[in-house]
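Topology and contacts: notes
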Amino acid sequence: VPEDQADKLLLASWDLPKAVLEKYHSLGVVQMFEWQAECLMLGQVLEGKNLVYSAPTSAGKTLVAELLILKRVLETRKKALLILPFVSVAKEKKCYLQ
């Protein structure tokens, strides 16, 4: 992340609703890793273009997907489909995203 865009590491700089920010903050998520912010700033990803990224298990891939989904749903008022690999993860995310 360029030095002049270091604020992009903070979740608060992504125009998310207060309730969403409060939920992330209650879970201890206040800022992203540099690679996560870079993913969100690539090309026209925030406008709905495709993004393929790879990172090790527990690196934070889900946060990138959640932020992309949340921003698109809130800005376009359209529905989104989130596909997860396990029923337990799907149940966890269902409660978390509600």
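Now for a look at the structure at hand. All of these numbers come straight from a predicted model, not from anything done at the bench.

Topic: helix α2 (residues 34-41)
- Three or more residues of α2 are buried, namely Gln-36, Ala-37, Cys-39 and Leu-40. Around the axis of α2, the buried residues are gathered within 155 degrees of arc, so they sit on the same side.
- Tucked into the core, α2 has its buried residues touching α3 (61-76).
- In the stretch just after α2, Gly-43 is the one whose phi turns positive, near 40 degrees.

What about the packing of aromatic side chains?
- A complete count under the given rule lists one aromatic pair for this structure.
- Aromatic pair Trp-35 and Tyr-53: ring centres 6.1 Å apart, planes at 45 degrees, arrangement tilted. Taken together, the residues span a long stretch of sequence, with Trp-35 in helix α2 and Tyr-53 in the loop between α2 and α3 at a distance of 18 residues.
- The ring of Trp-14 has Lys-8 lying over it, and the distance from NZ or CZ to the ring centre is 4.8 Å.

Structural notes on the side chain of Lys-71
- Looking at the element boundaries, Lys-71 is found in helix α3.
- We classify Lys-71 as buried; its relative accessible area is 9%.
- Setting aside its immediate chain neighbours within four residues, Lys-71 contacts Trp-14, Asp-15, Leu-16 and Leu-46.

Structural notes on unusual backbone geometry
- Its identity as a non-glycine residue notwithstanding, Asp-15 has a phi of 55 degrees, on the positive side.
- Along the chain, the position of Asp-15 falls in the segment before α1 (18-26).
- One non-glycine residue, Arg-77, lies in the positive phi region at around 60 degrees.
- Its place among the elements puts Arg-77 in the loop between α3 and α4 (87-97).

Cut-offs used in this document
Residues numbered from 1 in each chain as written. Predicted model: local features only at pLDDT ≥ 70, side-chain atom pairs only at ≥ 80, totals over all residues. Heavy atoms only, no water. Buried < 20%, exposed > 50% of the residue type's maximum accessible area, 1.4 Å probe, protein only. Helix = DSSP H or I, 4+ residues; strand = E, 2+ residues; numbered from the N terminus. Arc of directions from axis to C-beta. Contact = heavy atoms within 4.5 Å. Phe/Tyr/Trp six-rings, centres within 6.5 Å; stacked < 30°, edge-to-face > 60°. Lys NZ or Arg CZ within 6 Å of the ring centre and 35° of its normal.

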